[in-house]
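# Report on the structure
What follows is each chain in one-letter form.
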Amino acid sequence: MKTTKLPPIALGTWSWGSGMAGGDQVFGNHLEAEQLKSVFDAAYGAGLTMWDTATVYGMGASEDILGGFIKKYPRDKFVISTKFTPQIAPETENPVETMCIESCKRLHTDYIDIYWIHNPADVEKWTPGLIGLLKSGKVRRVGVSNHNLAQIKRADEILRKAGFRVSAVQNHFSLLYRSSEKAGILDYCKENDIDFFAYMTLEQGALSGKYGTANPMPEGSGRAATYNPILPKLDNLIAAMREIGESHNATVSQVAIAYAINKGTYPIIGVTKPRHVEEAAAAAKIRLSADEIQLLEKLGAETGVDTKGSWENHMN
């Protein structure tokens, strides 16, 4: 059940910490707590207090770093979102509960505001594991991530039989990847008072304006392998984003963030520097016109690229 008004943007910590699926492997970063404290402080000062993480991000490293920062403040100042990933589930009686309790320890909290089933894997198997956590108050709200429309509806049915519901969906959504919109998921969420969280809104930096043919992503990282080959195809889109940004006194990345917000979603923006936080906070105030949105979507479609992650289901 929704109890608090959410900030317009969630801050993502996928690139925090090292290890399996951590920032070093995926993004080519090597960021630990000492480099990230100023980022957290900037976010708190800007009123961006909704944080998104997951056990699988660095196998607990991201949660550890975030938890170390949060424990110094009143818990009710934050909205904390973390995830159960079926692919790393332990062999316990209720793996969902086991991993949630471990996340709480790393995050120095007694409860999680939004707890997610990270990938569907088996909706019938994993969704019921959330019910006990909701009943105990260990979890306030639950969501599903990387689920298609049929899976979202089925998870909701399972939860409603116990008196609960799916209240949030978290899927990949950007100017380059609108699969959830085309599949009717955005409309379904709007009609059913479900919050839609958009991750990879900046496509790991490909829509930030920082990278291009002359300035590719750092070699050796997962994102370089994915995005460097397609950067030349983004030139027209990035040029239009830059032009629209200038009319709003905004950067390319702020246009990408504003687009997601203007589409009725909560973008999850990965932050590794204080200026990322400042940019995100300012982007929340930008209102794009219908014509600007239409142009951006047209150019996004004309790139012809498919940025679906290897872990993602097709939404259609």
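This text gives an overview of the structure that appears in the document. Just so you know, these numbers come straight off a predicted model, no measurement behind them.

## What to know about helix α12 (residues 252-262)
- Judged by how many residues are buried, α12 sits mostly within the fold: 10 of 11 residues are covered.
- Among the residues of α12, those classed as buried are Val 252, Ser 253, Gln 254, Val 255, Ala 256, Ile 257, Ala 258, Tyr 259, Ala 260 and Ile 261.
- Positive phi appears at Gly 264, one or two residues downstream of α12, with a value of about 90°.

## A closer look at the pattern of salt bridges
- Under the defined criterion, the tally for this structure stands at 13 salt bridges.
- When the shortest N-O distance is used, the salt bridge between Glu 63 and Arg 106 registers 2.7 Å. Here Glu 63 is found in helix α3 (residues 61-70), whereas its partner Arg 106 is found in helix α4 (residues 95-107), with 43 residues between them in sequence.
- Accessibility expressed as a relative area gives 0% for Glu 63, which makes it buried.
- With a relative accessible area of 17%, Arg 106 lands in the buried category.

## A closer look at unusual backbone geometry
- One non-glycine residue with positive phi stands out, namely His 108, at about 55°.
- Within the secondary structure, His 108 sits in the loop between α4 and β4 (112-117).
- With a relative accessible area of 43%, His 108 lands in the partly exposed category.
- Of note in this structure, Met 200 is not a glycine but carries a positive phi near 55°.
- Along the polypeptide, Met 200 turns up in the loop between β7 (195-199) and α10 (222-227).

## Focus on the sheet that holds strand β8 (residues 266-270)
- Strand order in this closed barrel of eight strands is β1-β2-β3-β4-β5-β6-β7-β8, and the pairing throughout is parallel. In this sheet, adjacent strand axes meet at a mean angle of 30° when their direction is disregarded.

## Focus on helix α13 (residues 274-283)
- Turning to α13, its buried residues number three or more, namely His 276, Val 277, Ala 280, Ala 281 and Ala 283. One face of α13 carries all of its buried residues, which in axial projection span an arc of 160°.
- Those residues of α13 that are buried lie in contact with α2 (33-46), α12 and β8.

## Some remarks on the state of the cysteines
- Evaluated as defined, the whole model comprises zero disulfides.
- Cys 100 supplies the cysteine sulfur nearest to Cys 104, a cysteine that is in no disulfide, at a spacing of 4.4 Å.

## Brief notes about the environment of Asn 119
- Following the sequence through the fold, Asn 119 ends up in the loop between β4 and α5 (123-126).
- Those residues within four positions of Asn 119 in sequence are excluded, and the remaining contacts are Thr 85, Pro 86, Gln 87, Ser 145, Asn 146, His 147 and Trp 311.
- Among the polar contacts made by the side chain of Asn 119, one reaches the side chain of Asn 146 at a distance of 2.7 Å.

## Overview of the nonpolar core
- Grouped together as the largest cluster of nonpolar side chains are 104 residues, with contacts concentrated most on Trp 51, Tyr 115, Phe 197 and Met 241.
- For Phe 197, the residues in contact, after removing those within four places along its chain, are Leu 6, Ala 10, Met 50, Ile 114, Trp 116, Ala 168, Val 169, Gln 170, Asn 171, Tyr 266 and Ile 268.

## Points about the side chain of Ser 180
- With respect to the helices, strands and loops of the structure, Ser 180 is situated in helix α8 (residues 179-182).
- Relative accessible area serves as the criterion here: at 1%, Ser 180 is assigned to the buried category.
- In this structure the side chain of Ser 180 is engaged in a polar contact, spanning 3.1 Å, whose partner is the side chain of Asn 171.

## As for the packing of aromatic side chains
- All told, the structure shown has 16 aromatic pairs when counted by the stated rule.
- With centroids separated by 5.5 Å and ring planes inclined at 20°, the aromatic side chains of Phe 40 and Trp 51 adopt a geometry described as stacked. Placement of Phe 40 in helix α2 and of Trp 51 in strand β2 (residues 50-52) is noted, with a sequence separation of 11 residues between them.
- A relative accessible area of 0% places Phe 40 in the buried class.
- In textbook terms, an aromatic cluster arises when at least three aromatic residues are bridged by ring pairs, as seen for Trp 16, Phe 40, Tyr 44, Trp 51, Phe 69, Tyr 73 and Phe 78.
- Geometry around Tyr 111 places Arg 75 over its ring, the cationic atom sitting 4.1 Å from the centre.

## A word on the environment of Ser 289
- With respect to the element layout, Ser 289 can be found in the loop between α13 and α14 (290-302).
- Linking Ser 289 and Tyr 259, residues 30 residues apart in sequence, is a C-alpha distance of 9.8 Å.

## Quick notes on the packing of helix α11 (residues 235-247) against α14
- At a closest axis distance of 9 Å, the pairing of α11 and α14 adopts a crossing angle of 165°. Our classification of the angle between α11 and α14 gives roughly antiparallel. Crossing handedness for the pair α11 and α14: left-handed. Contact with α11, carried on its side by Asn 236, Leu 237, Ala 240, Met 241, Ile 244 and Ser 247, involves Glu 292, Leu 295, Leu 296, Leu 299 and Gly 300 of α14 and no other residues of that element.

What counts, and where the lines are drawn
Residues numbered from 1 in each chain as written. Predicted model: local features only at pLDDT ≥ 70, side-chain atom pairs only at ≥ 80, totals over all residues. Heavy atoms only, no water. Buried < 20%, exposed > 50% of the residue type's maximum accessible area, 1.4 Å probe, protein only. Helix = DSSP H or I, 4+ residues; strand = E, 2+ residues; numbered from the N terminus. Salt bridge = Lys/Arg side-chain N within 4 Å of Asp/Glu carboxyl O. Pairing = 2+ DSSP bridges. Axes fitted to C-alpha atoms, helices over the stretch in contact; angles between N-to-C directions. Arc of directions from axis to C-beta. Contact = heavy atoms within 4.5 Å. Disulfide = S-S within 2.5 Å. Polar contact = N/O pair within 3.5 Å; in protein donor to acceptor, adjacent residues only side chain to side chain. Core = buried A, V, L, I, M, F, W, Y, C linked by side-chain atoms within 4.5 Å. Phe/Tyr/Trp six-rings, centres within 6.5 Å; stacked < 30°, edge-to-face > 60°. Lys NZ or Arg CZ within 6 Å of the ring centre and 35° of its normal. Parallel < 35°, antiparallel > 145°, perpendicular 65-115°, else oblique. Left-handed = near helix turned anticlockwise from the far one by under 90°.

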